[in-house]
Amino acid sequence: MAIPPSGSPFFQLVKQHPDVLAHVPPYIHEALVRAYIGNAAFRQLREADLAALVAPWLGDEGQPALYRQIAAYDESYLAENEQRLGRLDLPVRVLWGTEDTWIPISLGERLAAGIPGATLTPVEGAGHLIQLDAPVRVATELRTWLTQVAA
């Protein structure tokens, strides 16, 4: 994310209680992470995609790393980013899933509005994991945009 606020309800819970959640048994942690990541998509993820997204956050290194990362997250950097958006002098198209339950499209609108000349393209039927929910639409939008920028 580029601007505040950020974080799903689970992210906020972990931010408030990282030490407690870091010590849940591995099978509960895996279930939490699978549900958390699975909830980021609007459509049900393919098992292989979900497994690939979950795998780095499992095991003796991955489990505590997830909670450390969230605990260390400092939203003040996003506020700084937002203050600098007006300085950007490059073409920008923001794609945003209309079904994003983690970060609402209103933040995508605010992000695009803060960047001179930026456009926002809402992607119907896509959530936070837009690249998995709508891969053809994302690729098509990217190709179209790159073609326009290169012309």
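That block above? That's the structure.
Residues numbered from 1 in each chain as written. Predicted model: local features only at pLDDT ≥ 70, side-chain atom pairs only at ≥ 80, totals over all residues. Heavy atoms only, no water.

Chemist: Can you lay out helix H3 (residues 26-38) for me, pointing to particular residues and giving the numbers?
Modeler: End to end, H3 covers 18 Å across 13 residues, agreeing with the expected 18 Å (1.5 Å per residue, within 8%). Of the residues making up H3, those classed as buried are His29, Val33, Tyr36 and Ile37. Along the long axis of H3, the arc covered by the buried residues comes to 90°, so they all point the same way. Summarising the geometry of H3, the exposed residues directed more than 90 degrees from the buried face are Tyr27 and Ala35. Residues of H3 that are buried sit in contact with helix H1 (9-16), helix H4 (47-54) and helix H5 (59-72). (Helix = DSSP H or I, 4+ residues; strand = E, 2+ residues; numbered from the N terminus. Expected span 1.5 Å × (residues − 1). Buried < 20%, exposed > 50% of the residue type's maximum accessible area, 1.4 Å probe, protein only. Arc of directions from axis to C-beta. Contact = heavy atoms within 4.5 Å.)

Chemist: Can you break down the side chain of Asp133 residue by residue, with the values?
Modeler: Here Asp133 lies in helix H8 (residues 130-133). Arg43 is the oppositely charged side chain nearest to the buried, salt-bridge-free Asp133, at an N-O distance of 5.1 Å. Only 2.7 Å separates the side chain of Asp133 from the backbone nitrogen of Gly127, close enough to count as a polar contact. Among residues more than four places away in sequence, those in contact with Asp133 are Ala40, Ala41, Phe42, Arg43, Gly125, Ala126 and Gly127. (Lys, Arg positive; Asp, Glu negative; His and termini not counted. Salt bridge = Lys/Arg side-chain N within 4 Å of Asp/Glu carboxyl O. Polar contact = N/O pair within 3.5 Å; in protein donor to acceptor, adjacent residues only side chain to side chain.)

Chemist: Provide a residue-level description of the pairing of strand S2 (residues 119-123), including the pertinent values.
Modeler: For strand S1 (residues 93-97) and S2, the ladder comprises five bridges, and the chain directions are parallel. Looking at S2, one finds that Val94 is bridged to Leu120. Read as a crossover between parallel neighbours, the route from S1 over helix H7 (residues 105-114) to S2 is right-handed. (Pairing = 2+ DSSP bridges. Right-handed = clockwise from strand over helix to strand, strands pointing away.)

Chemist: Account for the nonpolar core, naming residues and giving values.
Modeler: Counting 29 residues, the largest nonpolar core has Ile37 and Leu111 as the members making the most contacts within it. With residues near it in sequence (within four places) discarded, Leu111 still touches Ala2, Ile3, Leu85, Val94 and Trp96. (Core = buried A, V, L, I, M, F, W, Y, C linked by side-chain atoms within 4.5 Å.)

Chemist: Tell me about the layout of surface pockets, and name the residues and values.
Modeler: In this structure, the largest pocket spans a volume of roughly 620 Å³. Lining of the largest pocket is provided by 28 residues; of these, Phe11, Tyr36, Gln69, Trp102 and His128 occupy positions nearest its centre. Elements with a minimum of two residues in the lining of the largest pocket: H3, H5, helix H6 (76-84) and S1. For the lining of the largest pocket, the class distribution of residues is 19 nonpolar, seven polar and two charged. (1 Å grid on protein atoms, 1.4 Å probe; cavity = no way out; pocket = protein on both sides within 12 Å on 5 of 7 lines; lining within 4 Å. Points joined across faces, edges and corners; volume = space filled by probe spheres on them. Nonpolar A, V, L, I, M, F, W, Y, C, P; charged D, E, K, R; others polar.)

Chemist: Summarise the packing of H3 against H5; cite the residues concerned and give the values.
Modeler: The N-to-C vectors of H3 and H5 enclose an angle of 55°; their axes lie 11 Å apart at closest approach. One way to sum up the angle between H3 and H5 is to call them oblique. Note that H3 runs across H5; the crossing there is left-handed. Contacts between H3 and H5 pair Pro26, His29, Leu32 and Val33 from the former with Gln63, Leu66 and Tyr67 from the latter. Of the residues belonging to the contact of H3 with H5, the class tally is five nonpolar, two polar and no charged. (Axes fitted to C-alpha atoms, helices over the stretch in contact; angles between N-to-C directions. Parallel < 35°, antiparallel > 145°, perpendicular 65-115°, else oblique. Left-handed = near helix turned anticlockwise from the far one by under 90°.)

Chemist: With reference to specific residues and values, describe the packing of aromatic side chains.
Modeler: Throughout the structure, instances matching the rule amount to three aromatic pairs. Their ring planes at 90° and their centres at 5.1 Å tell us that Phe11 and Tyr73 sit as a pair that is edge-to-face. Here Phe11 is found in helix H1, whereas its partner Tyr73 is found in the loop between H5 and H6, with 62 residues between them in sequence. For Phe11, a relative accessible area of 13% corresponds to the buried category. Members of the aromatic cluster, each reached through a chain of ring pairs, are Phe10, Tyr36 and Trp102. (Phe/Tyr/Trp six-rings, centres within 6.5 Å; stacked < 30°, edge-to-face > 60°.)

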